Amino acid sequence: MATIQEVDDRIPVTILTGFLGAGKTTLVNHVLTADHGQKIAVIVNEYGEIGIDNQLIEGADEEIIEMNNGCICCTVRGDLIRILTELMQAKLGHGDPRKGGFDRILIETTGLADPAPVAQTFFVDETIADFYRLDAIVTVVDAKHAGQHLDEGHEAQEQVAFADVILLNKTDLVAETDLVQLEQRLLAMNPAAKQYRTQQSKIDITHILGIEAFDLATKLEIDPGFLEEEDHDHDDDVASLYFRETRPLDIDKVNRFLSDWLQDHGTDTFRYKGVLQIKDVDNRVVFQGIHMLFSSYADRAWKSNETPLSEFVIIGRNLDETWFREQFAGCVAS
Ligand SMILES: Nc1nc2c(ncn2[C@@H]2O[C@H](COP(=O)(O)OP(=O)(O)OP(=O)(O)O)[C@@H](O)[C@H]2O)c(=O)[nH]1
């Protein structure tokens, strides 16, 4: 007798992970601007007290929800459940109707997040599990810096181990032989994940959304304790600093003091980024860096409802806060 398979009409969720600066926000922007006709609610969790990513996401109509007061995989899991519940209620017509028009959810985790506890949320919380289906964990890997990140920290390793899809990004920065070696290393760490090479996180979105790739049994093989609540550690040495300045800055001074710092501390300085107000520049200036590589560009004009100012976040080990505050204050344009 033929069996009739039930249609799973739960809302699909994609968890987007990858180490600091790998290209997650670039991928979110690619997904939100691609022509696919789907309505995607994006939940963005950033490490550090202030989020810069929400300012860098170009989504027009989509619902973008920020979670900045901690790491999604530990302290703010309660927040994630609350946000998912609110979205569910909106979708069911019991909440804010402006928030209910989505077909799927994309969660961008911090670069330091372990994806396992985030994925766990979709299995251990009954209400969430009844309404949402974890579609896939997509991990973006920075081809230029992955070697160091995988050698040094368990977060980067977990992100690869738990991936259903790996985007080997920034292939423009690495020689072919190094790429092949890295692909072999990733394959050995996670033979089940599909790997794609990308630049600027550009991928046909049918390879990452709606792929029904997350398989609980496989994840339990990797981590038998996957469904159990457990504490996990982060690298306690990693910290973040946040700077804010309302007076216009001199971009040359910013470049100079950061270059000075990076000469000796590039390896330990994982990520820095900000939106800056630069003297004599009408547009806001986006500043982005990963270890020794950084660049800035004039972005869109400030909106009429925005007060021009500079916000800058830096994440790394052994950051000298006093020195940074002095240097940053010294960048005010004369
Ligand atoms: N050369 C090169 N740069 C890239 C590529 N993809 C992204 N970038 C740049 O890398 C930087 C970091 O990209 P993001 O998308 O912000 O990375 P992220 O993973 O969201 O970073 P965090 O949220 O801070 O962890 C940006 O300056 C991007 O423009 C690529 O394929 N090649």
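Just so you know, these numbers come straight off a predicted model, no measurement behind them. (Residues numbered from 1 in each chain as written. Predicted model: local features only at pLDDT ≥ 70, side-chain atom pairs only at ≥ 80, totals over all residues. Heavy atoms only, no water.)

**Concerning the side chain of Glu245**
Here is step 1 of the chain: Relative to the helices and strands, Glu245 resides in strand 8 (residues 238–245).
Here is step 2 of the chain: Side chain to side chain, Glu245 and Arg247 meet in a polar contact 2.8 Å long.
Here is step 3 of the chain: Beyond its immediate stretch of four places on either side in the chain, Glu245 contacts Leu309, Ser310, Phe328 and Val332. (Helix = DSSP H or I, 4+ residues; strand = E, 2+ residues; numbered from the N terminus. Polar contact = N/O pair within 3.5 Å; in protein donor to acceptor, adjacent residues only side chain to side chain. Contact = heavy atoms within 4.5 Å.)

**A closer look at the side chain of Thr269**
Here is step 1 of the chain: Structurally, Thr269 is set in strand 9 (residues 269–276).
Here is step 2 of the chain: Classification of Thr269 as buried rests on a relative accessible area of 0%. (Buried < 20%, exposed > 50% of the residue type's maximum accessible area, 1.4 Å probe, protein only.)

**A short note on the layout of surface pockets**
Here is step 1 of the chain: For the second largest pocket, the calculated volume is near 280 Å³.
Here is step 2 of the chain: Contributing to the lining of the second largest pocket are 18 residues, with Ala163, Asp164, Ala192, Ala193 and Ala213 lying nearest its centre.
Here is step 3 of the chain: Breaking the lining of the second largest pocket down by element, the ones donating at least two residues are strand 7 (194–197) and helix 9 (216–222).
Here is step 4 of the chain: For the lining of the second largest pocket, the element with the most residues is helix 9, which contributes three residues.
Here is step 5 of the chain: A class-by-class count of the residues in the lining of the second largest pocket yields eleven nonpolar, three polar and four charged. (1 Å grid on protein atoms, 1.4 Å probe; cavity = no way out; pocket = protein on both sides within 12 Å on 5 of 7 lines; lining within 4 Å. Points joined across faces, edges and corners; volume = space filled by probe spheres on them. Nonpolar A, V, L, I, M, F, W, Y, C, P; charged D, E, K, R; others polar.)

**Quick look at empty space enclosed by the protein**
Here is step 1 of the chain: Tallied over the full model, the rule gives three cavities of 30 Å³ or more.
Here is step 2 of the chain: When its volume is computed, the largest cavity comes out at roughly 90 Å³.
Here is step 3 of the chain: When contributions to the lining of the largest cavity are tallied by element, the ones reaching two or more residues are strand 5 (132–142), helix 6 (146–152) and helix 7 (154–161).
Here is step 4 of the chain: No other element matches the four residues that strand 5 contributes to the lining of the largest cavity.
Here is step 5 of the chain: Per-class residue counts for the lining of the largest cavity are eight nonpolar, four polar and one charged.
Here is step 6 of the chain: Of the voids in this model, the second largest cavity is the one considered here, and its volume is about 60 Å³.
Here is step 7 of the chain: Along the walls of the second largest cavity sit ten residues, with Phe19, Gly153, Glu155, Phe270 and Arg317 positioned nearest its centre.

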